[in-house]
Amino acid sequence: MKIIIIGTGYVGLVHAAVCSEYGHEVNAYDIDREKIEAFSSGQTELIEKYVNEPGLVNILRETMGKSLFFSNDLGAIVEGTDAIFMCLPTPSNADGSTNLTFYDAAAEQIAECLAKRKDSRRVVLVDKSTVPIGTARHLQGIMAAHGVNNFGVASNPEFLAEGTAVVDARRPDRVVVGCDVEEDFRILRRVYSQFVNHVRIKYIETTPETAEAIKYLANTMLLTYISFWNGVGAKIGEKMPNVKIDDLRKGVTADDRISTWGSFVSNGAGGSCFGKDIASLIYQLRQVNVSTKMLEASFEVNEYQKVYLIDRAITEAGFKFNNKTVAVLGLAFKKHTNDMRDASSIKVIESLLGKGVAAIHAYDPLANDTAREVFDPSKNILFEKIRYFDSARKAVTDTQALFISSDCEEFRGFSRTIEDSVKPPYLVMDGRRMIPDYDELVAKKFSYLAVGAMAIMPE
Ligand code: UDX
(Lines give C-alpha, C1' and ligand atoms only; values in the text may rest on other atoms or scores of the structure.)
Protein backbone atom coordinates (compact mmCIF):
# COMPACT_ATOMS: atom_id res chain seq x y z
CA MET A 1 0.00 0.00 0.00
CA LYS A 2 1.05 3.56 -0.53
CA ILE A 3 0.84 5.45 2.74
CA ILE A 4 1.45 9.02 3.85
CA ILE A 5 2.16 9.91 7.46
CA ILE A 6 1.45 13.52 8.38
CA GLY A 7 3.49 14.61 11.40
CA THR A 8 6.72 12.94 12.50
CA GLY A 9 6.50 13.12 16.29
CA TYR A 10 6.98 9.90 18.21
CA VAL A 11 3.63 8.47 17.08
CA GLY A 12 4.08 9.39 13.41
CA LEU A 13 7.71 8.39 13.11
CA VAL A 14 7.24 5.04 14.85
CA HIS A 15 4.16 4.29 12.73
CA ALA A 16 6.04 5.28 9.55
CA ALA A 17 8.98 3.06 10.50
CA VAL A 18 6.89 0.00 11.34
CA CYS A 19 4.66 0.35 8.22
CA SER A 20 7.76 0.64 6.02
CA GLU A 21 9.20 -2.42 7.74
CA TYR A 22 6.04 -4.35 6.85
CA GLY A 23 6.61 -3.56 3.19
CA HIS A 24 4.37 -0.59 2.49
CA GLU A 25 5.64 2.39 0.56
CA VAL A 26 5.65 5.12 3.19
CA ASN A 27 6.10 8.84 2.72
CA ALA A 28 6.51 10.70 6.00
CA TYR A 29 5.70 14.38 5.84
CA ASP A 30 6.36 17.20 8.28
CA ILE A 31 6.25 20.99 7.91
CA ASP A 32 9.43 21.24 10.00
CA ARG A 33 12.26 21.15 7.45
CA GLU A 34 14.98 20.67 10.07
CA LYS A 35 13.22 17.55 11.34
CA ILE A 36 12.91 16.08 7.85
CA GLU A 37 16.60 16.76 7.22
CA ALA A 38 17.55 15.16 10.53
CA PHE A 39 15.54 11.99 9.82
CA SER A 40 16.75 11.78 6.22
CA SER A 41 20.36 11.99 7.41
CA GLY A 42 20.05 8.57 9.06
CA GLN A 43 22.36 9.82 11.84
CA THR A 44 21.44 8.49 15.27
CA GLU A 45 22.23 11.66 17.17
CA LEU A 46 20.18 13.89 14.86
CA ILE A 47 17.21 11.51 14.83
CA GLU A 48 17.23 10.95 18.59
CA LYS A 49 17.26 14.68 19.21
CA TYR A 50 13.61 14.57 18.08
CA VAL A 51 12.41 11.04 18.80
CA ASN A 52 14.32 8.68 21.04
CA GLU A 53 12.69 5.24 20.99
CA PRO A 54 14.66 2.00 21.38
CA GLY A 55 14.98 0.15 18.06
CA LEU A 56 13.71 3.04 15.94
CA VAL A 57 16.96 4.18 14.32
CA ASN A 58 17.75 0.63 13.19
CA ILE A 59 14.45 0.35 11.33
CA LEU A 60 14.88 3.78 9.75
CA ARG A 61 18.34 2.82 8.49
CA GLU A 62 17.01 -0.45 7.08
CA THR A 63 14.06 1.00 5.20
CA MET A 64 15.06 4.54 4.28
CA GLY A 65 15.29 5.05 0.53
CA LYS A 66 13.73 1.60 -0.06
CA SER A 67 10.24 1.72 1.44
CA LEU A 68 10.48 4.84 3.61
CA PHE A 69 10.84 8.38 2.29
CA PHE A 70 10.75 11.77 3.99
CA SER A 71 9.30 14.86 2.42
CA ASN A 72 8.07 18.35 3.14
CA ASP A 73 6.29 18.72 -0.16
CA LEU A 74 2.84 17.22 0.28
CA GLY A 75 1.71 18.01 -3.26
CA ALA A 76 4.53 15.89 -4.65
CA ILE A 77 3.66 12.72 -2.70
CA VAL A 78 -0.12 12.73 -2.60
CA GLU A 79 -0.69 11.14 -6.03
CA GLY A 80 -1.76 7.49 -5.90
CA THR A 81 -1.86 7.24 -2.11
CA ASP A 82 -4.19 4.73 -0.37
CA ALA A 83 -4.16 6.06 3.20
CA ILE A 84 -3.08 9.26 4.93
CA PHE A 85 -2.42 8.99 8.66
CA MET A 86 -2.83 12.14 10.73
CA CYS A 87 -0.27 12.07 13.55
CA LEU A 88 -0.36 15.67 14.71
CA PRO A 89 0.10 17.29 18.10
CA THR A 90 -3.23 17.93 19.84
CA PRO A 91 -2.38 20.00 22.93
CA SER A 92 -4.86 21.12 25.60
CA ASN A 93 -6.53 24.51 25.80
CA ALA A 94 -6.78 26.18 29.20
CA ASP A 95 -10.35 24.85 29.66
CA GLY A 96 -9.24 21.25 29.03
CA SER A 97 -10.63 21.09 25.50
CA THR A 98 -8.39 19.82 22.71
CA ASN A 99 -6.63 22.39 20.59
CA LEU A 100 -7.10 21.35 16.96
CA THR A 101 -5.14 24.24 15.41
CA PHE A 102 -2.31 22.05 14.05
CA TYR A 103 -4.75 19.36 13.07
CA ASP A 104 -7.06 21.69 11.16
CA ALA A 105 -4.17 23.44 9.41
CA ALA A 106 -2.85 20.06 8.22
CA ALA A 107 -6.34 18.92 7.18
CA GLU A 108 -6.82 22.07 5.08
CA GLN A 109 -3.44 21.53 3.42
CA ILE A 110 -4.23 17.88 2.66
CA ALA A 111 -7.65 18.83 1.29
CA GLU A 112 -6.10 21.39 -1.07
CA CYS A 113 -3.61 18.81 -2.38
CA LEU A 114 -6.19 16.03 -2.70
CA ALA A 115 -8.61 18.32 -4.53
CA LYS A 116 -5.94 18.83 -7.20
CA ARG A 117 -4.83 15.20 -7.60
CA LYS A 118 -5.12 13.56 -11.00
CA ASP A 119 -5.82 9.93 -10.01
CA SER A 120 -9.25 8.87 -8.80
CA ARG A 121 -8.14 6.10 -6.44
CA ARG A 122 -10.00 5.82 -3.10
CA VAL A 123 -8.02 7.43 -0.29
CA VAL A 124 -8.73 7.05 3.44
CA LEU A 125 -7.83 9.82 5.86
CA VAL A 126 -7.02 8.22 9.18
CA ASP A 127 -6.84 9.86 12.61
CA LYS A 128 -3.99 8.25 14.50
CA SER A 129 -3.34 10.80 17.23
CA THR A 130 -5.89 11.21 20.02
CA VAL A 131 -8.64 13.56 18.91
CA PRO A 132 -12.07 14.35 20.39
CA ILE A 133 -14.99 12.08 19.61
CA GLY A 134 -16.44 13.33 16.32
CA THR A 135 -13.17 14.60 14.80
CA ALA A 136 -13.17 12.12 11.90
CA ARG A 137 -16.60 13.50 10.99
CA HIS A 138 -15.18 17.02 11.20
CA LEU A 139 -12.33 15.94 8.90
CA GLN A 140 -14.88 14.61 6.44
CA GLY A 141 -16.47 18.08 6.39
CA ILE A 142 -13.14 19.77 5.60
CA MET A 143 -12.48 17.39 2.69
CA ALA A 144 -16.00 17.78 1.31
CA ALA A 145 -15.77 21.57 1.54
CA HIS A 146 -12.69 21.46 -0.71
CA GLY A 147 -14.43 19.22 -3.23
CA VAL A 148 -12.18 16.18 -2.61
CA ASN A 149 -13.49 13.14 -4.48
CA ASN A 150 -13.51 9.48 -3.57
CA PHE A 151 -12.26 9.65 -0.01
CA GLY A 152 -13.21 8.10 3.33
CA VAL A 153 -12.38 8.96 6.94
CA ALA A 154 -11.29 6.61 9.69
CA SER A 155 -10.18 6.60 13.30
CA ASN A 156 -7.31 4.29 14.18
CA PRO A 157 -6.01 5.38 17.61
CA GLU A 158 -2.51 4.52 18.76
CA PHE A 159 -1.83 2.86 22.10
CA LEU A 160 1.94 3.24 22.20
CA ALA A 161 3.71 3.79 25.50
CA GLU A 162 6.90 5.85 25.45
CA GLY A 163 10.05 3.81 25.66
CA THR A 164 8.35 0.72 24.22
CA ALA A 165 6.70 2.37 21.21
CA VAL A 166 8.47 0.21 18.59
CA VAL A 167 7.65 -3.04 20.38
CA ASP A 168 4.05 -1.85 20.94
CA ALA A 169 3.67 -0.89 17.26
CA ARG A 170 5.08 -4.20 16.03
CA ARG A 171 2.95 -6.30 18.35
CA PRO A 172 -0.03 -4.29 19.59
CA ASP A 173 -2.65 -5.74 22.00
CA ARG A 174 -5.28 -4.56 19.58
CA VAL A 175 -5.78 -2.63 16.38
CA VAL A 176 -8.89 -0.46 16.48
CA VAL A 177 -10.28 0.71 13.15
CA GLY A 178 -13.37 2.89 12.87
CA CYS A 179 -14.77 3.47 9.36
CA ASP A 180 -18.11 4.20 7.72
CA VAL A 181 -17.97 1.91 4.71
CA GLU A 182 -16.66 -1.52 3.80
CA GLU A 183 -14.25 -0.26 1.11
CA ASP A 184 -12.39 1.81 3.75
CA PHE A 185 -12.25 -1.13 6.18
CA ARG A 186 -10.79 -3.13 3.29
CA ILE A 187 -8.04 -0.57 2.65
CA LEU A 188 -7.05 -0.56 6.32
CA ARG A 189 -7.16 -4.35 6.49
CA ARG A 190 -4.54 -4.31 3.75
CA VAL A 191 -2.44 -1.75 5.65
CA TYR A 192 -2.62 -3.96 8.76
CA SER A 193 -2.66 -7.31 6.97
CA GLN A 194 -0.12 -8.78 9.43
CA PHE A 195 -2.49 -8.08 12.34
CA VAL A 196 -5.82 -9.22 10.86
CA ASN A 197 -6.67 -12.76 12.03
CA HIS A 198 -3.60 -12.77 14.29
CA VAL A 199 -3.68 -15.39 17.02
CA ARG A 200 -3.11 -12.88 19.81
CA ILE A 201 -3.88 -9.41 18.44
CA LYS A 202 -7.50 -8.26 18.58
CA TYR A 203 -8.50 -6.59 15.34
CA ILE A 204 -11.55 -4.48 16.13
CA GLU A 205 -13.70 -2.83 13.46
CA THR A 206 -16.30 -0.27 14.49
CA THR A 207 -17.60 3.24 13.80
CA PRO A 208 -15.15 6.19 13.73
CA GLU A 209 -16.79 7.71 16.82
CA THR A 210 -16.51 4.45 18.80
CA ALA A 211 -12.84 4.12 17.86
CA GLU A 212 -12.22 7.68 19.08
CA ALA A 213 -14.07 6.93 22.33
CA ILE A 214 -12.10 3.69 22.89
CA LYS A 215 -8.88 5.68 23.14
CA TYR A 216 -10.29 8.15 25.69
CA LEU A 217 -11.90 5.45 27.78
CA ALA A 218 -8.73 3.33 27.78
CA ASN A 219 -6.46 6.16 28.92
CA THR A 220 -8.84 7.55 31.53
CA MET A 221 -9.47 4.03 32.83
CA LEU A 222 -5.71 3.49 33.26
CA LEU A 223 -5.30 6.80 35.08
CA THR A 224 -8.35 6.11 37.24
CA TYR A 225 -6.90 2.74 38.18
CA ILE A 226 -3.60 4.35 39.19
CA SER A 227 -5.56 6.99 41.12
CA PHE A 228 -7.52 4.27 42.91
CA TRP A 229 -4.30 2.76 44.21
CA ASN A 230 -2.81 6.13 45.07
CA GLY A 231 -5.99 7.62 46.51
CA VAL A 232 -7.26 4.56 48.41
CA GLY A 233 -4.68 1.75 48.61
CA ALA A 234 -1.75 4.01 49.50
CA LYS A 235 -3.83 5.86 52.09
CA ILE A 236 -4.71 2.63 53.92
CA GLY A 237 -0.99 1.87 54.16
CA GLU A 238 -0.25 5.39 55.36
CA LYS A 239 -2.96 5.66 58.01
CA MET A 240 -3.71 2.16 59.31
CA PRO A 241 -0.98 0.65 61.47
CA ASN A 242 0.68 -2.56 60.30
CA VAL A 243 -0.82 -2.59 56.79
CA LYS A 244 1.94 -3.42 54.28
CA ILE A 245 1.22 -1.78 50.94
CA ASP A 246 3.34 -4.20 48.88
CA ASP A 247 1.53 -7.20 50.35
CA LEU A 248 -1.77 -5.40 49.86
CA ARG A 249 -0.92 -4.94 46.17
CA LYS A 250 0.14 -8.56 45.71
CA GLY A 251 -2.94 -9.88 47.45
CA VAL A 252 -5.39 -7.77 45.50
CA THR A 253 -3.77 -8.22 42.08
CA ALA A 254 -3.57 -12.00 42.51
CA ASP A 255 -7.11 -11.86 41.12
CA ASP A 256 -6.83 -12.25 37.34
CA ARG A 257 -9.46 -9.57 36.90
CA ILE A 258 -7.32 -6.92 38.63
CA SER A 259 -4.27 -5.57 36.82
CA THR A 260 -0.76 -5.49 38.27
CA TRP A 261 0.10 -2.60 35.97
CA GLY A 262 -1.04 0.57 37.68
CA SER A 263 -1.06 -0.95 41.17
CA PHE A 264 2.39 0.40 41.99
CA VAL A 265 1.67 3.42 44.18
CA SER A 266 3.57 6.54 43.25
CA ASN A 267 3.72 10.30 43.53
CA GLY A 268 1.36 10.51 40.57
CA ALA A 269 1.30 9.55 36.91
CA GLY A 270 2.54 11.95 34.25
CA GLY A 271 3.27 11.85 30.54
CA SER A 272 1.88 13.31 27.36
CA CYS A 273 -1.43 11.42 27.39
CA PHE A 274 -3.12 10.79 30.71
CA GLY A 275 -3.61 14.35 32.01
CA LYS A 276 -4.46 15.78 28.62
CA ASP A 277 -6.90 13.01 27.69
CA ILE A 278 -8.80 13.03 30.97
CA ALA A 279 -9.13 16.85 30.81
CA SER A 280 -10.42 16.56 27.25
CA LEU A 281 -12.91 13.80 28.09
CA ILE A 282 -14.22 15.84 31.04
CA TYR A 283 -14.71 18.77 28.67
CA GLN A 284 -16.41 16.61 26.02
CA LEU A 285 -18.79 15.02 28.54
CA ARG A 286 -19.72 18.40 30.04
CA GLN A 287 -20.76 19.50 26.55
CA VAL A 288 -23.38 16.74 26.54
CA ASN A 289 -24.43 17.33 30.20
CA VAL A 290 -22.94 14.18 31.67
CA SER A 291 -21.67 14.19 35.26
CA THR A 292 -17.88 14.06 35.28
CA LYS A 293 -17.44 13.65 39.07
CA MET A 294 -15.62 10.36 38.78
CA LEU A 295 -13.14 11.61 36.19
CA GLU A 296 -12.59 14.85 38.09
CA ALA A 297 -11.82 12.88 41.26
CA SER A 298 -9.37 10.70 39.39
CA PHE A 299 -7.64 13.77 37.92
CA GLU A 300 -7.51 15.61 41.25
CA VAL A 301 -6.19 12.60 43.17
CA ASN A 302 -3.40 12.29 40.62
CA GLU A 303 -2.48 15.98 40.71
CA TYR A 304 -2.38 16.19 44.52
CA GLN A 305 -0.52 12.88 44.66
CA LYS A 306 2.42 14.51 42.88
CA VAL A 307 3.20 16.77 45.86
CA TYR A 308 1.49 15.40 48.92
CA LEU A 309 4.67 13.77 50.26
CA ILE A 310 5.94 17.30 50.81
CA ASP A 311 2.86 18.09 52.93
CA ARG A 312 3.37 14.83 54.80
CA ALA A 313 7.03 15.70 55.37
CA ILE A 314 5.85 18.79 57.24
CA THR A 315 2.93 17.27 59.14
CA GLU A 316 4.23 13.75 59.83
CA ALA A 317 8.00 14.14 59.85
CA GLY A 318 8.05 17.73 61.21
CA PHE A 319 10.48 18.75 58.48
CA LYS A 320 11.04 22.48 57.82
CA PHE A 321 11.93 23.16 54.19
CA ASN A 322 12.82 26.80 54.65
CA ASN A 323 16.49 27.39 53.70
CA LYS A 324 17.20 23.67 53.27
CA THR A 325 18.87 22.15 50.21
CA VAL A 326 16.85 19.31 48.74
CA ALA A 327 17.89 16.77 46.09
CA VAL A 328 15.25 15.82 43.52
CA LEU A 329 16.07 12.62 41.67
CA GLY A 330 14.10 11.57 38.58
CA LEU A 331 12.87 14.53 36.53
CA ALA A 332 11.25 12.75 33.58
CA PHE A 333 7.71 11.40 33.99
CA LYS A 334 9.07 7.84 34.08
CA LYS A 335 12.30 5.92 33.51
CA HIS A 336 13.97 5.50 30.10
CA THR A 337 12.79 8.84 28.69
CA ASN A 338 13.79 12.50 28.70
CA ASP A 339 10.13 13.53 28.41
CA MET A 340 8.94 15.83 31.19
CA ARG A 341 5.42 16.51 29.97
CA ASP A 342 3.16 16.52 33.05
CA ALA A 343 6.04 15.00 35.06
CA SER A 344 5.47 14.84 38.82
CA SER A 345 8.91 16.41 39.34
CA ILE A 346 7.62 19.74 37.99
CA LYS A 347 5.04 19.99 40.76
CA VAL A 348 7.54 18.71 43.33
CA ILE A 349 10.15 21.34 42.44
CA GLU A 350 7.60 24.15 42.26
CA SER A 351 6.22 23.15 45.65
CA LEU A 352 9.69 22.99 47.22
CA LEU A 353 10.57 26.42 45.82
CA GLY A 354 7.30 27.74 47.21
CA LYS A 355 8.29 26.42 50.65
CA GLY A 356 11.45 28.55 50.61
CA VAL A 357 14.19 25.98 50.03
CA ALA A 358 17.69 27.45 49.63
CA ALA A 359 18.55 25.26 46.64
CA ILE A 360 17.48 22.21 44.68
CA HIS A 361 19.98 19.64 43.47
CA ALA A 362 18.39 18.05 40.41
CA TYR A 363 19.38 14.87 38.62
CA ASP A 364 17.97 12.62 35.93
CA PRO A 365 19.99 10.24 33.75
CA LEU A 366 18.26 11.50 30.57
CA ALA A 367 16.19 14.59 31.33
CA ASN A 368 18.60 17.22 32.76
CA ASP A 369 18.59 19.16 29.47
CA THR A 370 14.81 19.03 29.21
CA ALA A 371 14.61 20.27 32.81
CA ARG A 372 16.83 23.25 31.99
CA GLU A 373 14.25 24.26 29.38
CA VAL A 374 11.24 23.56 31.62
CA PHE A 375 12.72 25.52 34.54
CA ASP A 376 13.92 28.46 32.46
CA PRO A 377 15.04 31.16 34.98
CA SER A 378 13.87 33.89 32.59
CA LYS A 379 10.32 32.65 33.27
CA ASN A 380 10.68 32.43 37.05
CA ILE A 381 13.63 33.81 38.99
CA LEU A 382 13.21 31.05 41.61
CA PHE A 383 14.39 28.52 39.01
CA GLU A 384 17.89 29.96 39.50
CA LYS A 385 17.93 27.93 42.72
CA ILE A 386 18.04 24.69 40.73
CA ARG A 387 21.46 23.17 40.13
CA TYR A 388 21.93 20.16 37.84
CA PHE A 389 24.24 17.22 38.52
CA ASP A 390 25.54 14.43 36.31
CA SER A 391 25.10 11.74 38.96
CA ALA A 392 22.65 10.94 41.72
CA ARG A 393 25.47 10.69 44.23
CA LYS A 394 26.71 14.21 43.45
CA ALA A 395 23.17 15.57 43.60
CA VAL A 396 22.59 14.11 47.07
CA THR A 397 25.85 15.45 48.51
CA ASP A 398 25.41 18.55 50.70
CA THR A 399 21.62 18.25 50.95
CA GLN A 400 19.36 17.85 54.00
CA ALA A 401 16.55 15.98 52.26
CA LEU A 402 15.96 13.94 49.16
CA PHE A 403 12.90 13.36 46.96
CA ILE A 404 12.74 10.39 44.54
CA SER A 405 10.24 11.31 41.84
CA SER A 406 10.65 8.65 39.14
CA ASP A 407 11.25 4.93 38.83
CA CYS A 408 14.77 4.97 37.25
CA GLU A 409 16.45 1.64 38.00
CA GLU A 410 19.50 3.35 39.45
CA PHE A 411 17.47 4.70 42.39
CA ARG A 412 16.43 1.20 43.41
CA GLY A 413 18.26 0.17 46.56
CA PHE A 414 19.80 3.62 46.80
CA SER A 415 20.34 3.43 50.57
CA ARG A 416 24.11 2.78 50.41
CA THR A 417 24.68 5.88 48.28
CA ILE A 418 22.64 7.95 50.72
CA GLU A 419 24.54 6.63 53.75
CA ASP A 420 27.86 7.33 52.04
CA SER A 421 26.97 10.83 50.86
CA VAL A 422 25.10 12.54 53.69
CA LYS A 423 24.71 12.38 57.47
CA PRO A 424 21.50 12.39 59.54
CA PRO A 425 19.36 14.22 60.50
CA TYR A 426 18.21 13.65 56.94
CA LEU A 427 14.80 13.04 55.35
CA VAL A 428 14.29 10.63 52.44
CA MET A 429 10.99 11.18 50.57
CA ASP A 430 10.41 8.18 48.34
CA GLY A 431 7.71 8.87 45.76
CA ARG A 432 8.21 5.54 43.99
CA ARG A 433 9.02 3.13 46.83
CA MET A 434 12.49 2.59 45.41
CA ILE A 435 14.27 1.78 48.68
CA PRO A 436 13.13 -1.63 49.95
CA ASP A 437 15.96 -1.76 52.53
CA TYR A 438 14.91 1.50 54.19
CA ASP A 439 15.17 -0.17 57.61
CA GLU A 440 18.96 0.07 57.29
CA LEU A 441 18.66 3.80 56.76
CA VAL A 442 16.32 4.17 59.71
CA ALA A 443 18.70 2.14 61.90
CA LYS A 444 21.33 4.77 61.04
CA LYS A 445 18.99 7.59 62.14
CA PHE A 446 17.71 8.69 58.73
CA SER A 447 14.01 9.58 58.46
CA TYR A 448 12.11 7.72 55.74
CA LEU A 449 8.81 8.78 54.25
CA ALA A 450 7.38 6.76 51.38
CA VAL A 451 4.12 6.81 49.50
CA GLY A 452 1.95 3.99 50.83
CA ALA A 453 3.50 3.77 54.33
CA MET A 454 3.64 5.70 57.59
CA ALA A 455 6.61 7.98 58.18
CA ILE A 456 9.46 6.11 59.84
CA MET A 457 11.47 8.32 62.13
CA PRO A 458 14.64 7.42 64.04
CA GLU A 459 14.13 6.61 67.73
C1 UDX B 1 0.36 5.83 28.36
C2 UDX B 1 -0.43 4.55 28.05
O3 UDX B 1 0.15 3.46 28.76
C4 UDX B 1 -0.46 4.29 26.55
O5 UDX B 1 -1.26 3.16 26.29
C6 UDX B 1 -1.06 5.50 25.86
O7 UDX B 1 -1.10 5.34 24.47
C8 UDX B 1 -0.25 6.75 26.21
O9 UDX B 1 -0.21 6.91 27.63
P10 UDX B 1 2.93 6.52 28.60
O11 UDX B 1 2.45 7.94 28.73
O12 UDX B 1 4.11 6.26 27.76
O13 UDX B 1 1.73 5.62 28.00
O14 UDX B 1 3.23 6.03 30.09
P15 UDX B 1 2.95 4.76 31.02
O16 UDX B 1 4.08 3.82 30.94
O17 UDX B 1 1.58 4.24 30.83
O18 UDX B 1 3.04 5.47 32.47
C19 UDX B 1 2.25 6.64 32.78
C20 UDX B 1 2.57 7.13 34.17
O21 UDX B 1 1.98 6.26 35.15
C22 UDX B 1 4.05 7.22 34.51
O23 UDX B 1 4.30 8.42 35.21
C24 UDX B 1 4.27 5.99 35.38
O25 UDX B 1 5.37 6.12 36.24
C26 UDX B 1 2.95 5.95 36.15
N27 UDX B 1 2.61 4.63 36.71
C28 UDX B 1 2.51 3.53 35.91
C29 UDX B 1 2.37 4.51 38.09
O30 UDX B 1 2.43 5.50 38.83
N31 UDX B 1 2.08 3.27 38.61
C32 UDX B 1 2.00 2.16 37.83
O33 UDX B 1 1.75 1.06 38.38
C34 UDX B 1 2.22 2.28 36.45
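Residues numbered from 1 in each chain as written. Predicted model: local features only at pLDDT ≥ 70, side-chain atom pairs only at ≥ 80, totals over all residues. Heavy atoms only, no water.

Visitor: So what's going on with the layout of surface pockets? Which residues, and what values?
Guide: In this structure, the second largest pocket occupies an estimated 1400 Å³ of space. Lining the second largest pocket are 46 residues, with Gly-9, Tyr-10, Lys-35, Tyr-50 and Arg-341 sitting closest to its centre. Here the lining of the second largest pocket is built from residues that sort into 18 nonpolar, 16 polar and twelve charged. (1 Å grid on protein atoms, 1.4 Å probe; cavity = no way out; pocket = protein on both sides within 12 Å on 5 of 7 lines; lining within 4 Å. Points joined across faces, edges and corners; volume = space filled by probe spheres on them. Nonpolar A, V, L, I, M, F, W, Y, C, P; charged D, E, K, R; others polar.)

Visitor: Quick rundown of the sheet that holds strand E1 (residues 2-6)? Include the residues and the values.
Guide: With mixed pairing, the eight strands of this open sheet are ordered in space as E3-E2-E1-E4-E5-E6-E7-E8. In this open sheet, the two strands that pair with only one neighbour each are strand E3 (68-71) and strand E8 (202-206). Averaged over neighbouring strand pairs, the angle between their axes works out to 20 degrees when direction is ignored. Bridge analysis of strand E5 (residues 123-127) against strand E6 (residues 151-155) gives five bridges, and the strand direction is parallel. Each bridged residue has a counterpart across the sheet, and for Asp-127 the counterpart in E6 is Ser-155. Relative to the sheet, helix H10 (residues 208-239) contacts E5, E6, strand E7 (174-179) and E8, its axis offset from that of E7 by approximately 140 degrees. (Pairing = 2+ DSSP bridges. Helix = DSSP H or I, 4+ residues; strand = E, 2+ residues; numbered from the N terminus. Axes fitted to C-alpha atoms, helices over the stretch in contact; angles between N-to-C directions. Contact = heavy atoms within 4.5 Å.)

Visitor: For the nonpolar core, give the residues involved together with the corresponding values.
Guide: By size, the foremost hydrophobic cluster in this structure holds 44 residues, and its most contacted members are Leu-60, Phe-70, Phe-85, Leu-188 and Tyr-192. A total of eight residues in this core trace back to one element, the largest contributor, which is helix H1 (residues 10-21). Non-local contacts of Leu-60, meaning those with residues more than four positions away in its chain, are made with Leu-13, Ala-17, Ile-47, Leu-68 and Phe-70. Ranked by size, the runner-up nonpolar core spans 39 residues in total, among them Val-265, Ala-317, Phe-319 and Ala-332. (Core = buried A, V, L, I, M, F, W, Y, C linked by side-chain atoms within 4.5 Å. Buried < 20%, exposed > 50% of the residue type's maximum accessible area, 1.4 Å probe, protein only.)

Visitor: Give a detailed account of the state of the cysteines, specifying residues and quantitative values.
Guide: Here is the idea: a disulfide is a covalent bond, and it sits between the sulfur atoms of two cysteines. Applying the stated criterion across every chain, the model contains zero disulfides. Sulfur of Cys-19: no disulfide; nearest cysteine sulfur belongs to Cys-87 and is 9.0 Å away. For Cys-19, a relative accessible area of 5% corresponds to the buried category. Residue Cys-87 is classed as buried on the basis of its relative accessible area of 6%. (Disulfide = S-S within 2.5 Å.)

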